[in-house]
Amino acid sequence: MLNLTKQSEGHKQKLSVSDDEVARLRAEVEGLRQAAETTLSKQAVIKLEEQNTKLQDKLLRKEAEFVELDLKHQENEKLIGQLRLDLSQRKEQIVEKFIEIPVESEAAKLELAYYKSEAKELTQTINRVKNEHRTELAACETKYQETIAGMQSEISDARGQYTKFSAMLKSRDEKEEEANNRHKTVVDGLEKQLKQKKSELTKLRQDMVDKVVELEQRRDTDLENLQLSLTQNMADAAKENKRLKERLGEVQPQLDELRADYLHMRELCVQLQQLNKSETISVAKQLNNAISQVNEHNKDLVRKYRKEVALRKKYHNELVELKGNIRVFCRVRPVIKEDGISPHTVLTADVDDEDVLVVENSKGRTQQFDVDKLFLPEMSQEKVFDEVKALVTSCVDGYHVCIFAYGQTGSGKTYTMEGPSSDPGINQRALALLFEQAADRSTDWSFDIKVSVLEIYNETVRDLLSSDPSDKLDIKLNQDGNLHVPGLSWVQVKNVNEVNQTFELGHQNRATASTNMNEYSSRSHALLCVEVTGLNRTTGAKTLGKLHLVDLAGSERVSKSGADGARLKEAQSINKSLSALGDVIAALRSRQNFVPYRNSKLTYLLQESLGGDSKVLMIVQVAPVERHVNETLCSLNFAQRVRSVELGAAGRKLESAEVTALKGRLAHYENSSPLSTPTKQTTPYGTPARRK
Ligand SMILES: Nc1ncnc2c1ncn2[C@@H]1O[C@H](COP(=O)(O)OP(=O)(O)OP(=O)(O)O)[C@@H](O)[C@H]1O
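Procedures and definitions
- Residues numbered from 1 in each chain as written.
- Predicted model: local features only at pLDDT ≥ 70, side-chain atom pairs only at ≥ 80, totals over all residues.
- Helix = DSSP H or I, 4+ residues; strand = E, 2+ residues; numbered from the N terminus.
- Buried ≥ 20, exposed ≤ 12 C-beta atoms within 10 Å, placed from the backbone.
- Contact = placed C-beta atoms within 7 Å.
- Expected span 1.5 Å × (residues − 1).
- Bend = angle between axes of the 7 residues up to and from the residue.
- UniProt positions renumbered as here; feature names shortened; annotations may be inferred.
- Core = buried A, V, L, I, M, F, W, Y, C linked by C-beta atoms within 7 Å.
- Pairing = 2+ DSSP bridges.
- Axes fitted to C-alpha atoms, helices over the stretch in contact; angles between N-to-C directions.
- Near = placed C-beta within 6 Å.
- Nonpolar A, V, L, I, M, F, W, Y, C, P; charged D, E, K, R; others polar.
- Parallel < 35°, antiparallel > 145°, perpendicular 65-115°, else oblique.
- Left-handed = near helix turned anticlockwise from the far one by under 90°.
- pLDDT = per-residue confidence, 0-100.

Draft legend 1. Structural detail: the overall build of the protein chain. Assigned secondary structure in the protein chain consists of 14 helices and 16 strands. In the protein chain, which comprises 692 residues, the proportion classed as buried is 25%. Excluding contacts between residues fewer than 6 apart, the proportion of contacts in the protein chain whose partners are at least 24 apart in sequence is 72%.

Draft legend 2. Structural view of helix H4 (residues 381–396). With 16 residues, H4 extends 22 Å between its outermost C-alpha atoms, agreeing within 8% with the 22 Å of an ideal straight helix rising 1.5 Å per residue. Of all the bends in H4, the largest measures some 45° and sits at Val-388. Those residues of H4 that sit buried are Val-384, Phe-385, Val-388, Leu-391, Val-392, Cys-395 and Val-396. Immediately downstream of H4, the backbone of Gly-398 shows phi near 100°, a positive value.

Draft legend 3. A look at the UniProt feature "binding site: ATP" (unreviewed entry) in the protein chain. The UniProt record marks Gly-407, Gln-408, Thr-409, Gly-410, Ser-411, Gly-412, Lys-413 and Thr-414 with the feature "binding site: ATP" (unreviewed entry), using the residue numbering of this structure. A tally of 23 C-beta atoms within 10 Å means that Gly-412 is categorised as buried. When sequence neighbours within four positions are dropped, the list of residues in contact with Gly-412 reads Arg-331, Arg-333 and Gln-621.

Draft legend 4. The arrangement of the nonpolar core in detail. Formed by 83 residues in total, the largest nonpolar core has its most connected members in Val-328, Cys-330, Ile-403, Met-618, Val-620 and Ala-639. When residues no more than four places from it in sequence are discounted, the contact partners of Ala-639 are Val-328, Cys-330, Val-371, Met-618 and Val-620.

Draft legend 5. Representation of the pairing of strand S14 (residues 542–551). Within S14, 10 of the 10 residues are buried, which leaves the element mostly enclosed by the surrounding structure. Residues of S14 alternate between two faces, with Lys-542, Leu-544, Lys-546, His-548 and Val-550 on one and Thr-543, Gly-545, Leu-547, Leu-549 and Asp-551 on the opposite face, all of them buried.

Draft legend 6. Quick peek at the sheet that holds strand S3 (residues 356–360). Spatially, 3 strands are ordered S2-S3-S4 in an open sheet, and the strand pairing comes out antiparallel. In this open sheet, the two edge strands, each paired with only one partner strand, are strand S2 (347–349) and strand S4 (366–370). Geometrically, the sheet is characterised by an average inter-axis angle of 25° between neighbouring strands, direction not taken into account. Looking at chain direction, S3 and S4 are connected through 5 bridges and run antiparallel. Each bridged residue has a counterpart across the sheet, and for Val-356 the counterpart in S4 is Asp-370. Its contacts with the sheet place helix H13 (residues 629–643) against S3 and S4, and it is angled at close to 145° to S3.

Draft legend 7. Local environment of the pairing of strand S8 (residues 460–463). Pairing analysis gives 4 bridges linking strand S7 (residues 445–457) to S8, with the strands arranged antiparallel. Paired with Leu-454 across the bridge in S8 is Asp-463. The turn joining S7 and S8, which pair antiparallel and follow one another in sequence, is formed by 2 residues; a positive phi near 50° is taken by Asn-458. In this sheet, strand S9 (residues 472–473) lies alongside S8 in antiparallel orientation, the contact comprising 2 bridges. Residue pairing for S9: Arg-462 is matched across the bridge by Lys-472.

Draft legend 8. Quick look at the site of the ligand. Looking at the ligand, there are 15 residues lining it, with Arg-333, Gly-412, Thr-414, Tyr-415 and Ser-522 nearest. Residue assignment for the shell around the ligand shows that the elements contributing at least two residues are helix H5 (413–417) and helix H8 (517–522). Broken down by element, the residue count for the shell around the ligand peaks at 3 residues, all from H5. For the shell around the ligand, the per-class residue count stands at 3 nonpolar, 10 polar and 2 charged.

Draft legend 9. Inspection of unusual backbone geometry at higher detail. Non-glycine residue Asn-458 carries a positive phi angle of around 50°. Position of Asn-458 among the secondary structure elements: in the loop between S7 and S8. At Glu-459, a residue that is not glycine, the phi angle is positive and equals roughly 60°. Relative to the assigned elements, Glu-459 resides in the loop between S7 and S8.

Draft legend 10. View of the packing of H4 against helix H6 (residues 426–440). Axis separation between H4 and H6 bottoms out at 9 Å; the angle between their running directions is 50°. Our classification of the angle between H4 and H6 gives oblique. Considering the relative orientation of H4 and H6, their crossing is right-handed. Contact residues: Phe-385, Val-388, Lys-389, Val-392, Thr-393, Cys-395 and Val-396 in H4; Ile-426, Arg-429, Ala-430, Leu-433, Leu-434, Gln-437 and Ala-438 in H6. Classifying every residue of the contact of H4 with H6 by side-chain character gives 10 nonpolar, 2 polar and 2 charged.

Draft legend 11. Main features of the environment of Cys-529. Position of Cys-529 among the secondary structure elements: in strand S13 (residues 525–536). In this structure, the C-alpha to C-alpha distance between Cys-529 and Cys-402, residues 127 residues apart in sequence, is 9.3 Å. With residues up to four places along the chain from it excluded, the contact list for Cys-529 reads Val-451, Ser-452 and His-548.

Draft legend 12. Representation of the confidence of the model for the protein chain in the model. Summarising the model, the protein chain shows a mean pLDDT of 78, and 79% of its residues fall at 70 or more. Contacts for the low-pLDDT stretch residues 669–692, under 50 throughout, to residues beyond four places or in other chains number 35 contacts. Of the two predicted TM-score estimates for the complex, the pTM is 0.54 and the ipTM is 0.98.

What follows is the structure in structure tokens.
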């Protein structure tokens, strides 16, 4: 019993200590909360408050547990008090009984035993209760200790967080302070600037005020002046107005009259317009009809004109064929770099006739030249040769043909006759055509084609295929009255390759004879002579065709070339041969009995081809630019004269086998005659007597 009391007292003490501790913890938590409230950021405070609420909940739970324990303790106390009371009553009863022991000793003994057993039972109960109480207390204490430990660790966590937050806050404060300081410096600077600007502004404001005052003063003065002049002007205007009103009063009746006239006129106009409209429409209709009729008629006329032109050309060609006229082609070379940059060109073809060349002369007037064929700059070598083909072919049939290029230096003569190796001219194409023609007729005929190349420079004839081209050659007449050049080399050619080799040799010899090939070639006439001999295998008939292809020297006038010394001599001899050519042509044109062929080496050499029964083609070359217009006009005028020459119909050189045999015998007789003189020539230039 005593023990039980002691234990209960111990518990009580323990419980009272726990209350203190709880109170202290509460105070500490409250302190922390307050400290946190004042120092921590709101977020931290909220967190701490949440923790605090949790802790308070825990505390409340602990308090409830304590209250429960307290109640149990009070019950135990009550039980213990009850037991104590019982015990003391029993003690008294026992004492009374002890008094009555003697009497009731036996009963008392029994009762004592009973009470002893009861006391034992009670002691056991008390022990059990004590044990239970102790166990519960121990569990409570353990729980309490655990709770306290948990709370303490939470509190220490909170403290740690608090310290961390404090440190953070401190560093933030420091940073804030630093930033504040920086801001302060900036703000100070800005304030300083502001102050300065303010003072400047004040000064400016003052200046402005001064200016405004000055302007206002000036404005006032100006206004006063203006007002004065305005008043003056108004007075003047009033005067003028008055005067005008008076004048208006005077002219008003005239004005009314005019207005009435105007209205009347307008009415008339409207009436006229209406009249006109219908008239105009019908007139326009008539006009349109008339115009379309005229257009139709014009178209018809143009059609007819074109047809006429074509017909005229056809007839002209036939006439040329019959009369044996010298045909004239004209070729305009393209603009070349020597003409300068974008030169003015003066040559065009007529819109209605492509073979009429229109020349704009130096005075801006135009002149027209009719030619048999006009080649404009864009026309190719092939196109030119297409027009020449027929002439070349007729050489195979036994005709004498002469094609010569005429024109001033640089007008394209050599280009047309020789041409560059990549795009050859008439010479090479003509020989190629002759080979083709010979091959085409090879079943009945066999042909021999031989060529000679010579030049005439300063009235001297040179053989360009000779081993010594500096040798001067003569032109002679043989007994038949035919021309021949003693000593002139003739080379038999069988194909274009051999022709090219021969031309190459001719070029080399020409270049050797000159220091400046270009200048030299423009001052000499170059001749390519081709003889085509045909033999009919069946009939034994023979043909002899001759083809002269001539690239003349530049035709420019001596006065223009301004030459002297050797150049003058050259120019004079060119002039001589070309004017001799002109004279020959003039004599042929006027059908004179005597034609002065022998006046120059050129005309003498071409005698057979220029007159009589030959086919002659002159290609007049012209430069398209204004700079050369006078030379162009000279060349074209000469060409016109040439064109009007009538040579008579061309004749074919064909002889029968009998005549050939007779001639053979005659030749044999002549050669074996002691009177005959042997000549140096390898082959005769002249042909045997021609018979038609
Ligand atoms: N149809 C053409 N197409 C292209 N170039 C041309 C043509 N005609 C002439 N030329 C060029 O014009 C220049 C003069 O031509 P070319 O030498 O043939 O004249 P030319 O009358 O023979 O002169 P020269 O009297 O000095 O011999 C050359 O550079 C030639 O290549």
